[in-house]
Amino acid sequence: MESSVADPERDAGAPAAVAAFLDKWHAREPEMVYAEVFCPRPLRPRFELWGALRFELREAAFELSDARLVEAKAAWWAEELLRCAQDAPRHPLTRAIAMPQAPWNALARGMLAMARRDASLPADRDAALASVAPLADGIASIEAALFHAPDTQAASRAAGVQLLCERLRTGLAHADGGCVPLSLLARHGMPRPSLARPQGAPVVADWAAELVAMQPSGFAGMALYRSMRTAFDGWFLRELAAYRRQRAMPRLRALRLAWFAARGTHAAGIASTDRAK
């Protein structure tokens, strides 16, 4: 039998720390609050913990200003994920998840790859997806284990598109230019520093449209968390492709997309309620 949360004796005083990480995640991805409504109640703690942990990994891999900090923090997380596989985690979130049988080693390899990642712009669409593939594969494997879903190439691709969507939304002014491919810059005759300026909007719109096209066509076989995140990413990308840069998703839109994604998720993700008890 699996445990959704850690032993409270082991984690005395941890709830406040966990709550702080959940608040940090919800502040950056507020739409996920509405996704939780459609998550089976026994899985909600795991859903929240994974969302907060995945955000911490994303921040360590992509959002620090100094390459040396990225390397150090991503390597720290890689070590922490290896400790999860040994049932010896230290971080409040990994301790709370408490699932050593999950494929943490694959996720650790993904974080190590991000520590060594080339921060320059990718050459084209395939190179952009390949640059985040090790982390995306690790994310999809963990989600399959946490939410009792198949570990599929479609889920890995969706996780990769999410990482690229996040870079596009938050990283245009960074050294990696939000991972926008050089081929698109060349097509528009646009220098990288212009991406974050109004004149960069056509490049951003074209890249967003390409990312939408790279998403899987449906949610079948995906873990519940992944299907909902994919639906939200698709909306943000379509807005960008239409030259509308949205900071937050309207509440009713988020509820509708989460409901639609939950309906389309493979039965294994829904039927996992009994196995998680």
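Rules of the game
Residues numbered from 1 in each chain as written. Predicted model: local features only at pLDDT ≥ 70, side-chain atom pairs only at ≥ 80, totals over all residues. Heavy atoms only, no water. Helix = DSSP H or I, 4+ residues; strand = E, 2+ residues; numbered from the N terminus. Rg over C-alpha atoms; globule rule 2.2 N^0.38 Å. Buried < 20%, exposed > 50% of the residue type's maximum accessible area, 1.4 Å probe, protein only. Contact = heavy atoms within 4.5 Å. Areas by Shrake-Rupley, 256 points an atom, 1.4 Å probe, with all protein chains shown as cover. Axes fitted to C-alpha atoms, helices over the stretch in contact; angles between N-to-C directions. Parallel < 35°, antiparallel > 145°, perpendicular 65-115°, else oblique. Nonpolar A, V, L, I, M, F, W, Y, C, P; charged D, E, K, R; others polar. Phe/Tyr/Trp six-rings, centres within 6.5 Å; stacked < 30°, edge-to-face > 60°. Lys NZ or Arg CZ within 6 Å of the ring centre and 35° of its normal. Expected span 1.5 Å × (residues − 1). Arc of directions from axis to C-beta. Polar contact = N/O pair within 3.5 Å; in protein donor to acceptor, adjacent residues only side chain to side chain. Core = buried A, V, L, I, M, F, W, Y, C linked by side-chain atoms within 4.5 Å. pLDDT = per-residue confidence, 0-100. Disulfide = S-S within 2.5 Å.

**Q** Explain the overall build of the chain to me, please; I cannot follow it from the model alone.
**A** A count of helical and extended segments in the chain gives 14 helices and zero strands. N-terminal to C-terminal, the α/β element order of the chain is α-α-α-α-α-α-α-α-α-α-α-α-α-α. For a compact globule of 277 residues, the expected C-alpha radius of gyration is about 19 Å, and the chain comes in at 18 Å, within 12% of that figure. Projecting the C-alpha coordinates of the chain onto the three principal axes gives extents of approximately 60 × 40 × 30 Å. For the chain, buried positions account for 53% of its 277 residues. Counting contacts in the chain only where the partners sit at least 6 residues apart, residues at least 24 apart contribute 71% of the total. Accessible surface, the chain as shown: approximately 12,000 Å² in total, 55% of it carbon and sulfur.

**Q** I keep staring at the side chain of T230 and nothing clicks. Help me out?
**A** By the secondary structure assignment, T230 is in helix 11 (residues 224–241). Judged by its relative accessible area of 4%, T230 is buried. What T230 contacts, discounting residues up to four positions off in sequence, is A158, Q215, F219 and M222.

**Q** Any chance you could explain the packing of helix 3 (residues 44–62) against helix 7 (residues 125–146) here in plain terms?
**A** Following both chains from N to C, one finds helix 3 and helix 7 inclined at 170 degrees, their axes separated by 12 Å at the closest point. When the interaxial angle is binned, helix 3 and helix 7 end up roughly antiparallel. On helix 7, the residues touching R46, W50, R54, A61 and F62 of helix 3 are V132, L135, I139, I142, E143 and L146. Split by residue class, the contact of helix 3 with helix 7 holds eight nonpolar, no polar and three charged.

**Q** Explanation requested: the packing of aromatic side chains in the structure shown.
**A** Aromatic rings in a pair are described by how distant their centres are and how their planes are angled relative to each other. Scanning the model with the defined rule gives six aromatic pairs in all. Relative to W77, the ring of W76 has its centre 5.1 Å away and its plane inclined at 90 degrees; by these criteria the two rings are edge-to-face. The exposure class of W76 is partly exposed, given its relative accessible area of 34%. Since its relative accessible area comes to 2%, W77 is described here as buried. Taken together, a centroid distance of 5.1 Å and an interplanar angle of 75 degrees make the contact between W235 and F236 edge-to-face. Taken as a pair, W235 and F236 share a single burial class, namely buried. Ring-pair connections join several aromatic residues into one group, and the members of that group are F47, F147 and Y225. Sitting over the ring of F236, R169 keeps its end group 3.6 Å from the ring centre.

**Q** Which parts of the structure should I look at to understand helix 4 (residues 67–85)?
**A** In a regular helix each residue adds 1.5 Å, so 19 residues correspond to 27 Å; helix 4 covers 27 Å between its end C-alpha atoms and thus fits that length. For helix 4, every residue scored as buried is listed here: V70, A74, W77, A78, E80, L81 and C84. Buried residues of helix 4, viewed axially, fall in a sector of 165 degrees; they line one side. Buried residues belonging to helix 4 abut helix 3, helix 5 (92–97) and helix 6 (104–115). A side-chain oxygen of the first residue of helix 4 lies 2.7 Å from the backbone nitrogen of R68; this N-cap is D66. Once helix 4 ends, the next one or two residues include D87, with phi positive near 60 degrees.

**Q** Would you mind showing me how to read helix 3 here?
**A** Residues that lie three or four places apart on an α-helix share one face, since the helix turns once every 3.6 residues. Here helix 3 contains 19 residues, and its C-alpha end-to-end distance of 27 Å stays within 8% of the 27 Å for a straight helix at 1.5 Å per residue. Within helix 3, 16 of the 19 residues are buried, which leaves it mostly tucked inside the rest of the structure.

**Q** How do you make sense of the nonpolar core when you look at a structure like this?
**A** Generally speaking, a soluble globular protein has its nonpolar side chains buried in company with each other. If you look at the biggest cluster of nonpolar residues, it comprises 83 residues, and the most contacted ones within it are W50, W104, L107, M111, L135, L164 and L168. Ranked by residues supplied to this core, first place goes to helix 3 with ten residues. The residues contacting W50, other than those within four sequence positions of it, are I97, L107, I139, I142, E143, L146, F147 and Y225.

**Q** Which parts of the structure should I look at to understand the side chain of R46?
**A** One can find R46 in helix 3. On the basis of relative accessible area, R46 is assigned to the buried category, the value being 0%. A polar contact is formed between the side chain of R46 and the backbone oxygen of L146, at a distance of 2.6 Å.

**Q** What am I meant to see in the confidence of the model for the chain here?
**A** Caution applies to low-pLDDT regions: their predicted coordinates should not be interpreted in detail. For the chain, mean pLDDT is 90; residues scoring 70 or higher make up 91% of the total. Note that residues 266–277 has pLDDT below 50 and, in this model, 24 contacts with residues that lie over four places away or in other chains.

**Q** Quick question: what am I supposed to make of the state of the cysteines here?
**A** All told, the structure shown has zero disulfides when counted by the stated rule. Between C39, a free cysteine, and C84, which holds the nearest cysteine sulfur, the sulfur-to-sulfur gap is 20 Å. Considering cysteine sulfurs only, C179 is the nearest to C165, which forms no disulfide, with 12 Å between them. With a relative accessible area of 1%, C165 lands in the buried category.

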